[in-house]
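# Descriptive structure summary
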Amino acid sequence: MQCQSNTELEALVEEAKQQTQHGKIADYIPALALADEDKLSVALYYPDGRCYSAGDIDENFTLQSISKVLSLALALMDHGEEYVFDRVGQEPTGDPFNSIAKLETNKPSKPLNPMINAGALAITHMIKGDSVEDRLQRLLAFIRKLSGNKSITYNHMIAQSELETGHLNRSLCYFMKQHGVINEPVEELMDLYTKQCAIEMNCLDLARIGCVLAMDGADPVSGEQIIPWDIARICKTFMVTCGMYNASGEFAIKVGIPAKSGVAGGIMGSIPKKCGIAICGPSLDDKGNSIAGLKLLEMMSKNYSLSMF
Ligand code: GLN
């Protein structure tokens, strides 16, 4: 059964919202701590262009880790599968997203997958362009096309805040530089990565991106193949195996859809051939996933029979 009205979603948002009090806003990036933890919004985008939404829908939020799926798609389009997966693995880690542990124990030394920070940094390193600015503009152009929103840009204050405080990510970069996974100046890569993570949009924009991935990379309105279908398939597969960090297994059982979360509270869902979903709820659980967002997705999965399994 498909969603029929915004009112239906409003009721689910109201119920899920009660969860926000049990979570906490991410504050390790100081500027993220300014978000309102009681907010919750959702949008659902169907391939025929129908779109339903509820909650604080006009709020913009930064993609954070959700951007990892989009930079992966671009890096795969730039270099092809073999090059990318020679340098970044394809296995879930079971560790927190910012863990450095497996970088040392995994031999040969390469990040285990593109959805953890180490892997995402190595992927951002691969985005082609003549300068950081050029690479950023290529990524932004790609994301504007996917979302159908030409005005999408990044949040300067949040990017700067992460650049000033992201020493753990810096250490991942230095580790990988020592082992030859990356070879550009660490500060350049940090500059590009923090801007990538700070790209912001609202749930309607993000649900449309989820829908493009759901439709194997084709724009739901024009039919244009924005991402080659095999790359869209790889992205969705990583979303299933690693998209919700070290909660991906439980999420697959409870919700059962390809999804990617970010520490600003966003979640992008992409249900093959069915629809795209976006949620934003900044209050997070202990793994870094939107606590009310998870509840909302569980209810939506049940009501609209979304689980793939
Ligand atoms: N920019 C964040 C970081 O690198 C993204 C992490 C996340 O959303 N889990 O720490």
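Small disclaimer: the values here were computed from a predicted structure and weren't measured.

### Here's the deal with the packing of helix α7 (residues 156-165) against helix α9 (residues 186-197)
Between α7 and α9, whose axes approach to 8 Å, the crossing angle comes to 140°. Looking at the two axes, α7 sits oblique to α9. Crossing of α7 over α9 shows right-handed handedness. Within the contact between the two elements, α7 uses Ala 159, Glu 162 and Leu 163 and α9 uses Glu 187, Met 190, Asp 191, Tyr 193, Thr 194, Lys 195 and Cys 197. Tallied by class, residues from the contact of α7 with α9 come to 5 nonpolar, 1 polar and 4 charged.

### Focus on the sheet that holds strand β6 (residues 259-261)
Spatial ordering of the open sheet is given by β2-β1-β8-β7-β6, a layout of 5 strands whose pairing is antiparallel. On the outer flanks of this sheet lie β2 (51-55) and β6, each paired with one strand and no other. Going across the sheet, the axis of each strand differs from the next one's by a mean of 10°, ignoring polarity. Inspection of the sheet shows strand β7 (residues 266-271) paired to strand β8 (residues 275-280) by 6 bridges, in the antiparallel sense. In the strand pairing of β8, Ser 270 is matched with Gly 276.

### Some remarks on the environment of Val 186
If you trace the backbone, Val 186 turns up in helix α9. According to the relative accessible area criterion, Val 186 is buried, its value standing at 5%. Sequence-wise, Val 186 and Met 115 are 71 residues apart; in three dimensions their C-alpha atoms are separated by 19 Å.

### Quick notes on the UniProt feature "binding site: substrate" (unreviewed entry) in the protein chain
Under the UniProt annotation, "binding site: substrate" (unreviewed entry) lies at Ser 65, Asn 117, Glu 162, Asn 169, Tyr 193, Tyr 245 and Val 263. Among the structural elements, Asn 169 can be located in helix α8 (residues 167-178). We classify Asn 169 as buried; its relative accessible area is 4%. Once residues lying within four places of it in the same chain are set aside, the contact partners of Asn 169 are Asn 117, Leu 121, Glu 162, Met 190 and Tyr 193. Within the structure, the side chain of Asn 169 is placed 3.4 Å from the side chain of Glu 162, a separation counted as a polar contact. By the secondary structure assignment, Tyr 193 is in helix α9. With relative accessibility at 2%, the residue Tyr 193 sits in the buried group. Ignoring any residue separated from it by four or fewer positions in sequence, one finds Tyr 193 in contact with Lys 68, Asn 117, Ala 120, Leu 121, Thr 124, Glu 162 and Asn 169.

Rules used throughout
Residues numbered from 1 in each chain as written. Predicted model: local features only at pLDDT ≥ 70, side-chain atom pairs only at ≥ 80, totals over all residues. Heavy atoms only, no water. Axes fitted to C-alpha atoms, helices over the stretch in contact; angles between N-to-C directions. Helix = DSSP H or I, 4+ residues; strand = E, 2+ residues; numbered from the N terminus. Parallel < 35°, antiparallel > 145°, perpendicular 65-115°, else oblique. Left-handed = near helix turned anticlockwise from the far one by under 90°. Contact = heavy atoms within 4.5 Å. Nonpolar A, V, L, I, M, F, W, Y, C, P; charged D, E, K, R; others polar. Pairing = 2+ DSSP bridges. Buried < 20%, exposed > 50% of the residue type's maximum accessible area, 1.4 Å probe, protein only. UniProt positions renumbered as here; feature names shortened; annotations may be inferred. Polar contact = N/O pair within 3.5 Å; in protein donor to acceptor, adjacent residues only side chain to side chain.

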